[in-house]
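# Overview (structure and organization)
One-letter residues, chain by chain:
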Amino acid sequence: MQEELEALLQRRAQRRVGRALRCLDRVDSTNNELKRLGGQAPDGLAVLALEQTGGRGRQGRSFVSPAGQGLYLSVLLHPRCAPQQLGGLTAWTAVAVCRAVQRVCPLSPGIKWPNDVILAGKKLCGILTELENNPQTGGASPVVVGIGINVSQRESDFGPEVAPVAISLAQALGGPPPRLAVLAAAVLDELDALYAAFPAGGAEYLADYRQRCLTLGHPVQVLRRGVPKEGWAEEIDGEFALWVRWKSGQRERLSAGEVSVRGLLGYV
Ligand code: BTN
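Residues numbered from 1 in each chain as written. Predicted model: local features only at pLDDT ≥ 70, side-chain atom pairs only at ≥ 80, totals over all residues. Heavy atoms only, no water.

Within helix α2 (residues 30–37), six of the eight residues are buried, which leaves the element mostly enclosed by the surrounding structure. Every buried residue belonging to α2 is among T30, N31, N32, E33, L34 and L37, and all of these are buried. Its buried side turned inward, α2 meets β1 (21–24), β2 (46–49), β3 (70–77), β6 (122–131) and β7 (143–150). Where α2 starts, the residue carrying a side-chain oxygen 3.2 Å from the main-chain nitrogen of N31 turns out to be S29. Positive phi appears at G38, one or two residues downstream of α2, with a value of about 50°. (Buried < 20%, exposed > 50% of the residue type's maximum accessible area, 1.4 Å probe, protein only. Helix = DSSP H or I, 4+ residues; strand = E, 2+ residues; numbered from the N terminus. Contact = heavy atoms within 4.5 Å. Polar contact = N/O pair within 3.5 Å; in protein donor to acceptor, adjacent residues only side chain to side chain.)

Before going further, it helps to examine the packing of aromatic side chains. Applying the stated criterion to the full structure yields four aromatic pairs. On the basis of an interplanar angle of 10° and a centroid distance of 4.3 Å, the ring pair of W92 and Y205 is categorised as stacked. One end of the pair, W92, is in helix α3 (residues 89–104); the other, Y205, is in helix α7 (residues 202–212), with 113 residues separating them in the sequence. In terms of burial, W92 and Y205 fall into one category: buried. Chaining the aromatic ring pairs together yields one cluster made of W92, F198 and Y205. (Phe/Tyr/Trp six-rings, centres within 6.5 Å; stacked < 30°, edge-to-face > 60°.)

Quick look at the domain arrangement of the chain now. You can read the domains of the chain as domain 1 (2–212) and domain 2 (219–263). Contact with domain 1, which involves 11 residues of that partner, is made by 14 residues of domain 2. Of the roughly 1000 Å² buried between domain 1 and domain 2, counting both surfaces, carbon and sulfur atoms make up 69%. In this assembly, domain 1 and domain 2 are joined by zero salt bridges. Looking at the side of domain 1 that touches domain 2, the elements that each hand over two or more residues are α3 and α7. Tallying contributions element by element places α7 first for the side of domain 1 that touches domain 2, with three residues. (Domains from an automatic or database assignment. Buried area = accessible area lost by both parts, 1.4 Å probe. Salt bridge = Lys/Arg side-chain N within 4 Å of Asp/Glu carboxyl O.)

The ligand sits among 18 residues. The nearest are S29, Q52, R56, R58 and K123. S29 places a side-chain nitrogen or oxygen 2.8 Å from an oxygen atom of the ligand. In the environment of the ligand, a nitrogen atom lies 2.7 Å from a nitrogen or oxygen atom belonging to the backbone of R56. Here the ligand, which alone exposes 410 Å², has 98% of that area covered by the protein. For the shell around the ligand, the secondary structure elements donating two or more residues are α2, β3, β6 and β7. The biggest single contributor to the shell around the ligand is β6, with four residues. (Near = heavy atom within 4 Å. Areas by Shrake-Rupley, 256 points an atom, 1.4 Å probe, with all protein chains shown as cover.)

Structural data, given as structure tokens:
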């Protein structure tokens, strides 16, 4: 896998994401692996595993990662920006994943706010971004960006709870998915382009995000500490926050991480 992937990566002199690459057969979590390497890891180091035994999702959930069925990839970034500019990085990553999928498949994914990548109303990919505390760096801390893409699962592979809300590339294509190395190379190329543009090129990523955002213009149910409230998703602002108009007519700005949002007519 490592050799095939290295051969597929675009050879840019300025390349940072994926210049250093580690492919593992099995690991607890590719995010954990990068965190263990900590300060010694070079900027842009990518870790990819064929299987994760303790894959992690957002809000403490687990991310089931069976051998060979998905792309499990994490990259370590040392963004040169103020810490408060890091907020948009996960949303940028969602755009990069959409572009990568589109490059290697005849599919055009959308995004469910804040950063689930969606096909046919179901979740194709989840992203877990974690900040590493490193007080020595002065500026922003290093960041671990973890990406999990469903690639070759069939409905029965997801299990009865996950199947109604998850989809793989094989299901969406109705046929064989791209090879893992081909998909991984496209994702790493798009992440490298993202990293080169971050944070100055925000307007272009924001425009693409807004175009792909399936939450916008739809009724939503917002869950805050388990309490549901219904409203209308009106706007994504310059920091990728979602503005919702409640039934009372009042508007509120929602930040990723503080709430979870569901469509009223299904998952999206
Ligand atoms: C989510 O949707 O809740 C985020 C899922 C993120 C899963 C990826 S797979 C690679 C990396 N390693 C992990 O343990 N998690 C992320």
